[in-house]
Amino acid sequence: GKWGFLNRDLEIAIKPVFFNVNFFKPDPYRNAFNEGLANVETAPGQWNYIDKTGQITIKEDFAYTKGFKGGEAEVYKDGKWYFINKAGKCVKNCE
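Presented here is an overview of the structure given in this document. (Residues numbered from 1 in each chain as written. Predicted model: local features only at pLDDT ≥ 70, side-chain atom pairs only at ≥ 80, totals over all residues. Heavy atoms only, no water.)

### Concerning the pattern of salt bridges
Then, in step 1: Across all of its chains, the model carries 5 salt bridges by this definition.
Then, in step 2: Between K77 and E60 there is a salt bridge, with the nearest N and O atoms lying 3.7 Å from each other. Of this pair, K77 sits in strand 9 (residues 72–77) while E60 sits in strand 7 (residues 56–62), and the two are 17 residues apart along the sequence.
Then, in step 3: A relative accessible area of 34% means that E60 is categorised as partly exposed.
Then, in step 4: K92 is the salt-bridge partner of E72, the closest N and O atoms lying 3.1 Å from each other. (Salt bridge = Lys/Arg side-chain N within 4 Å of Asp/Glu carboxyl O. Helix = DSSP H or I, 4+ residues; strand = E, 2+ residues; numbered from the N terminus. Buried < 20%, exposed > 50% of the residue type's maximum accessible area, 1.4 Å probe, protein only.)

### Looking at the sheet that holds strand 11 (residues 90–92)
Then, in step 1: Read across the open sheet, the 4 strands follow the order 8-9-10-11; overall the sheet is antiparallel. Edge strands, defined here as strands with exactly one partner in the open sheet, are strand 8 (64–65) and strand 11.
Then, in step 2: Here strand 10 (residues 80–85) runs beside strand 11; their pairing, made up of 2 bridges, is antiparallel. Bridging across to strand 11, F83 finds its partner in K92. (Pairing = 2+ DSSP bridges.)

### Structural notes on the packing of aromatic side chains
Then, in step 1: According to the stated counting rule, one finds 7 aromatic pairs in the structure shown.
Then, in step 2: Ring geometry for F5 against F33: centres 5.0 Å apart, planes inclined by 55 degrees, an arrangement best described as tilted. With F5 in strand 1 (residues 3–6) and F33 in strand 4 (residues 33–34), this residue pair connects regions lying 28 residues apart in the sequence.
Then, in step 3: The buried category is assigned to F5, whose relative accessible area is 12%.
Then, in step 4: Taking relative accessible area as the criterion, F33 reaches 12% and is therefore assigned buried.
Then, in step 5: For the pair F62 and Y82, a centre-to-centre distance of 6.4 Å together with 65 degrees between the ring planes defines the contact as edge-to-face. Taken together, the positions of F62 in strand 7 and Y82 in strand 10 put the pair 20 residues apart, joining distant regions of the chain. Assigned by exposure class, F62 and Y82 land together as buried.
Then, in step 6: A network of ring pairs unites the aromatic residues Y49, F62, F68 and Y82 as a single cluster.
Then, in step 7: The aromatic ring of F19 is capped on one face by K2, whose charged end is 4.5 Å from the ring centroid.
Then, in step 8: Between K92 and the ring centre of F83, over which it is positioned, the NZ or CZ distance is 5.4 Å. (Phe/Tyr/Trp six-rings, centres within 6.5 Å; stacked < 30°, edge-to-face > 60°. Lys NZ or Arg CZ within 6 Å of the ring centre and 35° of its normal.)

### So, the environment of G71
Then, in step 1: Residue placement: G71 occurs in the loop between strand 8 and strand 9.
Then, in step 2: A residue is classified by how much of its surface remains accessible, and G71, at 22% relative accessible area, is partly exposed.
Then, in step 3: Once residues lying within four places of it in the same chain are set aside, the contact partners of G71 are E35, I84, N85 and K86. (Contact = heavy atoms within 4.5 Å.)

So, in structure tokens, the structure goes:
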């Protein structure tokens, strides 16, 4: 099956079109959205970020992604971990 998102009234807010959704600890409610973005698997092995409307905001087809914290998220692509900002631009460990 595919993954999507429900709103607080248990209505479909974002249709189930994703292969997987990443949840983050230590959030006791397992909130997939961190700083307004969620990382989702849009195709097998391709992780990207969506906003709360379901629109892909950062499409780089990362192999692995982590949640945003302090305006940055750690991602893995092409054999390397680095940090991006909410515009998808590398901000740390870019070389």
